[in-house]
Amino acid sequence: MKTSNKFTLCRIIAAPIFFLIYFLPIWLKSEDGSAFSVASFAVMVPLLILAELTDYWDGHFARKNGEVSDFGKMFDPFADVFLHLSTFTCFVFSGLMPTVCFVLILYREFSQNFLRMVSAKQGVAIAARKGGKFKTVFYVASCFVALAVEGFTRTGIAGYLVSCGILSSSALDDVLSVLVKVTDGFFALCVVFAFASFADYIKNFGSVLKKAAE
């Protein structure tokens, strides 16, 4: 396997690992602030950072080593979607991502995948366009914002602030409410950028889809 594709594969491997680490404390009923919960967060942050960095590294090595290929053009966005839908599922469960945003993004990604498959059948490999890359950047940003909010409670910081009298229980609820609204806003923008980029793909490759349907 080419070096660039190995980095892409790392994202696919990281996705289920992140998912498992995210849910283990929940499945084992580990309390917020416990050593296991803190450790899970401490592992998830660098894991997600490294996974997202592979998106840069695969493109870098593909260009540097002359490894740009039709397979890579399809494998790279597939790995992105695989990773981000996995993380989004975690945040939907925790109430940090609105279900409607997740479902709309799911529709978009499946539609995009269908467009890629039809285009590939017609001998056209659809590489990521600027709009799609910008959408992915916002997916990444939203994931880290949601993960930071999750870490606020999971690591016990929220409980510590209450126990020390820095925040009252009602004040903490207000803070958490604001943080959830912030994540809601990020994910709502993800939906906007996702469909805007999809419209761009349809504009540029819709003729391929039309031809295949004839």
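Residues numbered from 1 in each chain as written. Predicted model: local features only at pLDDT ≥ 70, side-chain atom pairs only at ≥ 80, totals over all residues. Heavy atoms only, no water.

Colleague: In this structure, what is going on with the overall build of the chain? I would like to understand it.
Modeller: Assigned secondary structure in the chain consists of seven helices and zero strands. Along the chain, helices (α) and strands (β) appear in the sequence α-α-α-α-α-α-α when read from the amino end. Taken along the three principal axes of its C-alpha coordinates, the chain extends 65 × 35 × 25 Å. For the chain, buried positions account for 39% of its 214 residues. Residue pairs in contact within the chain that sit at least 24 positions apart in sequence constitute 81% of those at least 6 positions apart. Counting only carbon and sulfur atoms, one obtains 69% of the accessible surface of the chain, whose full area is about 11,100 Å². Side chains of the chain give 19 positive and 16 negative charges; the mean places of these two sets differ by 12 Å. (Helix = DSSP H or I, 4+ residues; strand = E, 2+ residues; numbered from the N terminus. Buried < 20%, exposed > 50% of the residue type's maximum accessible area, 1.4 Å probe, protein only. Contact = heavy atoms within 4.5 Å. Areas by Shrake-Rupley, 256 points an atom, 1.4 Å probe, with all protein chains shown as cover. Lys, Arg positive; Asp, Glu negative; His and termini not counted. Charge placed at Lys NZ, Arg CZ, Asp CG, Glu CD.)

Colleague: What am I meant to see in the environment of Cys 164 here?
Modeller: For Cys 164, the location among the structural elements is in the loop between helix 6 (157-163) and helix 7 (169-213). Take Cys 164: its relative accessible area is 41%, and that puts it in the partly exposed class. C-alpha of Cys 164 to C-alpha of Pro 25: the two residues are 139 residues apart in sequence and 25 Å apart in space.

Colleague: Which parts of the structure should I look at to understand the pattern of salt bridges?
Modeller: Once the charged atoms of two side chains with opposite charge are near each other, the side chains can pair. With the rule as written, the count across this model stands at seven salt bridges. The shortest N-O distance in the salt bridge between Arg 11 and Asp 58 comes to 3.0 Å. Here Arg 11, found in helix 1 (residues 3-27), pairs with Asp 58, found in helix 2 (residues 35-64); they are 47 residues apart in sequence, far enough to count as distant. Comparing Arg 11 with Asp 58, the two get one shared label, buried. The partner of Arg 11 in a salt bridge is Asp 80, with the nearest N and O atoms 2.9 Å apart. Residue Arg 11 is found in helix 1, and its partner Asp 80 is found in helix 3 (residues 70-93); the two are separated by 69 residues along the sequence. Arg 11 sits in the buried class, given a relative accessible area of 0%. (Salt bridge = Lys/Arg side-chain N within 4 Å of Asp/Glu carboxyl O.)

Colleague: I keep staring at the state of the cysteines and nothing clicks. Help me out?
Modeller: Such a bond, covalent and formed between the sulfur atoms of two cysteines, is termed a disulfide. Applying the stated criterion across every chain yields a total of zero disulfides. You can see Cys 10 has no disulfide; the closest cysteine sulfur is in Cys 143, sitting 18 Å from it. Classification of Cys 10 by relative accessible area gives partly exposed; the value is 37%. Sulfur of Cys 101: no disulfide; nearest cysteine sulfur belongs to Cys 190 and is 8.1 Å away. (Disulfide = S-S within 2.5 Å.)

Colleague: I'm lost on unusual backbone geometry in this one. Help?
Modeller: Excluding glycine, residues mostly have negative phi values, and the peptide bonds linking residues are mostly trans. Unusually for a residue other than glycine, Lys 29 sits at a positive phi of about 55°. Within the fold, Lys 29 resides in the loop between helix 1 and helix 2.

Colleague: Looking at this structure, how should I read the packing of helix 1 against helix 3?
Modeller: Describing two packed helices takes the angle between their axes plus the distance from one axis to the other. Put simply, helix 1 and helix 3 touch, their axes get as near as 9 Å, and they point 10° apart. By the angle between their directions, the pair helix 1 and helix 3 is classed as roughly parallel. The class makeup of the residues in the contact of helix 1 with helix 3 is 18 nonpolar, six polar and three charged. (Axes fitted to C-alpha atoms, helices over the stretch in contact; angles between N-to-C directions. Parallel < 35°, antiparallel > 145°, perpendicular 65-115°, else oblique. Nonpolar A, V, L, I, M, F, W, Y, C, P; charged D, E, K, R; others polar.)

Colleague: Would you mind going over the nonpolar core with me for this structure?
Modeller: One recurring pattern in soluble globular proteins: nonpolar side chains tend to sit buried together. Within the largest apolar cluster, 31 residues are counted, with the highest numbers of intra-cluster contacts made by Phe 18, Tyr 22, Phe 88, Phe 91, Met 97, Ile 105 and Phe 187. Elements that contribute at least two residues to this core include exactly helix 1, helix 2, helix 3, helix 4 (99-121), helix 5 (130-154) and helix 7. What Phe 18 contacts, discounting residues up to four positions off in sequence, is Met 44, Leu 47, Leu 48, Thr 87, Cys 90 and Leu 147. (Core = buried A, V, L, I, M, F, W, Y, C linked by side-chain atoms within 4.5 Å.)

Colleague: Help me out: how do you make sense of a nonpolar patch on the surface in this one?
Modeller: On the surface, Leu 20, Ile 26, Trp 27, Leu 28, Phe 36 and Phe 93 cluster together into a nonpolar patch covering about 620 Å² of accessible area. Mapped onto the fold, Ile 26 is located in helix 1. We classify Ile 26 as partly exposed; its relative accessible area is 32%. (Patch = residues over 30% accessible without salt bridge, like charges linked within 9 Å, V, L, I, M, F, W, Y side chains within 5 Å.)

Colleague: Help me out: how do you make sense of helix 1 in this one?
Modeller: Think of an α-helix as turning once every 3.6 residues; residues three or four places apart then point the same way. Spanning 25 residues, helix 1 covers 36 Å between terminal C-alpha atoms, matching the ideal 36 Å at 1.5 Å per step. Of all the bends in helix 1, the largest measures some 25° and sits at Ala 14, one to four residues before the proline Pro 16. Of the surrounding secondary structure, the elements contacted by the buried residues of helix 1 are helix 2, helix 3 and helix 5. (Expected span 1.5 Å × (residues − 1). Bend = angle between axes of the 7 residues up to and from the residue.)

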